[in-house]
Amino acid sequence: MSGDSDCTRTSTSVGSPSDNEFLPDRPRYVCSLSPDLIAKAREELQEKPEWRLRDVQALRDMVCKDYPTLGTCLDDAFLLRFLRARKFDYDRALQLLVNYHSCRRSWPEVFNNLKPSAIKAVLASGFVTVLPHLDTEGRHVVCIRPDRWTPSNYPITENIRAIYLTLEKLIQSEETQVNGIVILADYKGVSLSKASHFGPFVAKKVIGILQDGFPIRIKAVNIINEPRIFKGIFAIIKPFLKEKIANRFFLHGSDLNSLHQNLPQRILPEEYGGTSGKLDIAAWNELLLASEEDFLHDFSQLVLPGDSSPSEALVSGDAEEKQSEEPLRGMKPQLYYCY
C-alpha cells in the first residue's frame with residue numbers, strides 16, 4: 001500500500017462503522033510497559049497513557065498532511081517510537097521520522113538489502129553484539145569491537161548496517177524505547193590503517209543517524225582501551241555531536257575500575273573484568289538472524305533507497321550534506337597527526 005493511499009484512508013474520521021470499514025487493518029496497540037516504566041515514561045518522556053493514542057493520531061495526521069508520499073509505516077506502535085524519542089513533541093517527532101527516511105534513502109551502500117541474513121559475516125566476527133544482561137537502569141548494552149573487523153573481508157558499511165539492524169531489533173521493545181541503551185566500544189588493537197576507514201564522510205553519516213535519524217535514546221557511550229589514534233577519531237566525531245551527547249562519552253582507557261563505575265561487573269563478561277562469564281556472541285546472533293521475517297514485514301512498508309524522494313525537505317538535506325563535504329575532508333589529517 002502506498003504512503004498516499006494509506007494517508008488518504010487514515011485521514012478519514014473514525015467513529016462511524018461505515019468509516020471504519022475503509023480504514024487499513026492496523027495492529028491494535030497494547031501497552032507492554034510495567035507500572036514502574038509507565039510512571040518513568042510519564043516523568044521523563046511526558047507520556048500520558050490516557051492521551052497516548054491521541055498523540056499517535058496527531059502525529060499520523062501531520063505525516064499525512066505534510067508528507068503524504070513519505071512511504072512510512074503508520075502503525076501506532078511504530079509512530080510511538082518517534083514520539084517517545086522526542087518526548088512527545090509532535091514537531092520534533094515528525095522531523096525525526098522524516099530524517100529516519102532521509103538517512104535510509106541517502107546511503108544505499110548501507111540500507112540496500114537491509115536484513116540480518118545479509119550481515120552474517122559481521123555477526124560471526126563479533127564486531128557488534130548485545131550483552132545478555134541489562135544494566136541497573138534496565139538498559140541493553142551494545143558492545144562494539146572494531147578490532148574484530150578485517151577491512152579486506154568487507155567494507156566498513158557492512159559494520160554500520162549490522163549496528164543499524166541491531167538498533168532496529170532493540171527498539172522494537174517498549175522497555176528500550178523508554179530506558180534507552182548504553183554503548184560499550186572496545187578500541188583495543190585499532191590501527192591507523194583501520195581507523196582511516198572511518199573518515200569525516202562516514203563519521204558525519206553515522207552521527208547524523210544516531211542523533212537525528214533514529215528513534216533511540218543513547219544514554220552513555222563507554223570507550224575502553226582507546227589507543228592514541230582515538231584522539232584523531234574523536235576529533236573527527238566531536239564537531240558533529242550535540243553537547244548533550246558529547247557529555248555522555250566516557251573514556252576509560254585500560255582502567256576497568258573506571259568502567260565499572262558506569263557498568264556493574266555483574267553484567268560484564270570476563271574480558272572486561274565482569275562476572276557474567278566469557279563474552280558470548282552466539283545468543284544475540286541467533287536472536288537477530290531469527291528475526292528475518294519481522295524485518296521483512298517492518299521494512300515492507302518503507303520506501304527503499306533509490307526510490308524517488310518523498311519531499312523537498314529530504315532533497316534539501318542531501319544538498320546541504322554535499323555543501324559541507326569539502327571542509328570535512330580537511331579534518332582527516334588529524335588521524336595521522338595524532339598517530
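Computed from a predicted structure; not experimentally measured.

### Brief notes about the pattern of salt bridges
Phase 1 of the analysis: For the coordinates displayed, the defined rule picks out 11 salt bridges.
Phase 2 of the analysis: Residues Arg84 and Glu174 are paired through a salt bridge, measuring 2.8 Å at the closest nitrogen-oxygen approach. One end of the pair, Arg84, is in helix 5 (residues 76-85); the other, Glu174, is in helix 10 (residues 174-179), with 90 residues separating them in the sequence. Just as Arg84 is buried, Glu174 falls in that class too.
Phase 3 of the analysis: Among the ionic pairs, Glu158 bridges to Arg161, the shortest N-O distance being 3.3 Å. Residue Glu158 and its partner Arg161 are both found in helix 9 (residues 156-170); the two are separated by 3 residues, about one turn of the helix.

### Looking at the pairing of strand 4 (residues 218-224)
Phase 1 of the analysis: Buried residues dominate strand 4, accounting for 6 of its 7 residues.
Phase 2 of the analysis: Note: strand 3 (residues 181-186) against strand 4, 6 bridges, orientation parallel. By the bridge assignment, Leu184 is partnered in strand 4 with Asn222.
Phase 3 of the analysis: Where strand 4 meets strand 5 (residues 249-253), 4 bridges bridge the pair, whose relative direction is parallel. In the strand pairing of strand 5, Asn222 is matched with Phe250.

### Considerations on the layout of surface pockets
Phase 1 of the analysis: In this structure, the largest pocket spans a volume of roughly 990 Å³.
Phase 2 of the analysis: Contributing to the lining of the largest pocket are 44 residues, with Ile183, Val206, Ile207, Leu210 and Ile218 lying nearest its centre.
Phase 3 of the analysis: At 6 residues, helix 9 tops the list of elements feeding residues into the lining of the largest pocket.
Phase 4 of the analysis: Partitioned by chemical class, the residues of the lining of the largest pocket number 31 nonpolar, 3 polar and 10 charged.

### Structural notes on helix 3 (residues 35-45)
Phase 1 of the analysis: Regarding helix 3, the residues found buried are Leu37, Lys40, Ala41 and Leu45. What you see down the axis of helix 3 is that its buried residues fit within an arc of 100 degrees, all on one side. Turned more than 90 degrees from where helix 3 packs its buried face, Pro35, Asp36 and Glu43 sit exposed.

### Remarks on the side chain of Asn285
Phase 1 of the analysis: The residue Asn285 is located in helix 16 (residues 282-289) in this model.
Phase 2 of the analysis: A distance of 2.9 Å separates a polar atom in the side chain of Asn285 from the backbone oxygen of Leu123.
Phase 3 of the analysis: Among all residues touching Asn285, those that are not within four sequence positions of it are Leu123 and Ala124.

### As for the confidence of the model for the protein
Phase 1 of the analysis: With 80% of its residues at a pLDDT of 70 or more, the protein shows a mean pLDDT of 84.
Phase 2 of the analysis: Contacts of residues 1-5 to residues separated by more than four positions or lying in other chains number 6 contacts, the stretch itself having pLDDT below 50.

### Thoughts on the sheet that holds strand 5
Phase 1 of the analysis: Judged by pairing direction, the sheet is mixed, and its 5 strands sit side by side in the order 1-2-3-4-5 without closing on themselves. Two strands lie at the open edges of the sheet, namely strand 1 (128-130) and strand 5, each paired on one side alone. Each adjacent strand pair in this sheet contributes to an overall mean axis angle of 20 degrees, direction not counted.
Phase 2 of the analysis: Relative to strand 3, strand 2 (residues 140-144) runs parallel, the two being bridged by 5 bridges. Looking at strand 3, one finds that Ile144 is bridged to Ala185.

### What to know about the packing of aromatic side chains
Phase 1 of the analysis: Counted according to the given criterion, the structure contains 8 aromatic pairs.
Phase 2 of the analysis: The interplanar angle of 75 degrees and the centroid separation of 5.2 Å between the aromatic rings of Tyr164 and Phe214 together place this pair among those described as edge-to-face. Pair noted here: Tyr164 is in helix 9 and Phe214 is in the loop between helix 12 (200-212) and strand 4, with a separation of 50 residues, a long-range link. Neither Tyr164 nor Phe214 differs from the other in exposure class; each is buried.
Phase 3 of the analysis: Ring centres of Phe234 and Phe249 lie 5.4 Å apart, and the angle between their planes is 55 degrees; this geometry places the pair in the tilted category. You can see Phe234 sitting in helix 13 (residues 230-237) and its partner Phe249 sitting in strand 5, a full 15 residues away along the chain.
Phase 4 of the analysis: What links up through ring pairs into an aromatic cluster is the set Phe78, Phe82, Tyr100, Phe111, Tyr164 and Phe214.

### Things to note about the side chain of Ser125
Phase 1 of the analysis: Tracing the backbone shows Ser125 in helix 8 (residues 120-125).
Phase 2 of the analysis: Here Ser125 falls in the buried class, since its relative accessible area comes to 15%.

### Some details on the nonpolar core
Phase 1 of the analysis: In this structure, Trp107, Ile181, Phe198, Phe214 and Leu241 are the most contacted members of the largest nonpolar core, which totals 78 residues.
Phase 2 of the analysis: Leu131, Ile224, Ile267 and Tyr272 belong to the second-largest nonpolar core, a separate cluster that totals 13 residues.

### Focus: unusual backbone geometry
Both trends apply: most residues other than glycine have a negative phi, and most peptide bonds are in trans.
Phase 1 of the analysis: A positive phi is found at Gln46, a non-glycine position, where the angle reads about 60 degrees.
Phase 2 of the analysis: Examined against the element boundaries, Gln46 turns out to sit in the loop between helix 3 and helix 4 (52-66).
Phase 3 of the analysis: Classification of Gln46 as partly exposed rests on a relative accessible area of 40%.
Phase 4 of the analysis: Of note, the phi angle at Phe88 is positive, near 60 degrees, even though the residue is not glycine.
Phase 5 of the analysis: For Phe88, the position within the fold is in the loop between helix 5 and helix 6 (90-106).

Scoring rules and cut-offs
- Residues numbered from 1 in each chain as written.
- Predicted model: local features only at pLDDT ≥ 70, side-chain atom pairs only at ≥ 80, totals over all residues.
- Heavy atoms only, no water.
- Salt bridge = Lys/Arg side-chain N within 4 Å of Asp/Glu carboxyl O.
- Helix = DSSP H or I, 4+ residues; strand = E, 2+ residues; numbered from the N terminus.
- Buried < 20%, exposed > 50% of the residue type's maximum accessible area, 1.4 Å probe, protein only.
- Pairing = 2+ DSSP bridges.
- 1 Å grid on protein atoms, 1.4 Å probe; cavity = no way out; pocket = protein on both sides within 12 Å on 5 of 7 lines; lining within 4 Å.
- Points joined across faces, edges and corners; volume = space filled by probe spheres on them.
- Nonpolar A, V, L, I, M, F, W, Y, C, P; charged D, E, K, R; others polar.
- Arc of directions from axis to C-beta.
- Polar contact = N/O pair within 3.5 Å; in protein donor to acceptor, adjacent residues only side chain to side chain.
- Contact = heavy atoms within 4.5 Å.
- pLDDT = per-residue confidence, 0-100.
- Axes fitted to C-alpha atoms, helices over the stretch in contact; angles between N-to-C directions.
- Phe/Tyr/Trp six-rings, centres within 6.5 Å; stacked < 30°, edge-to-face > 60°.
- Core = buried A, V, L, I, M, F, W, Y, C linked by side-chain atoms within 4.5 Å.

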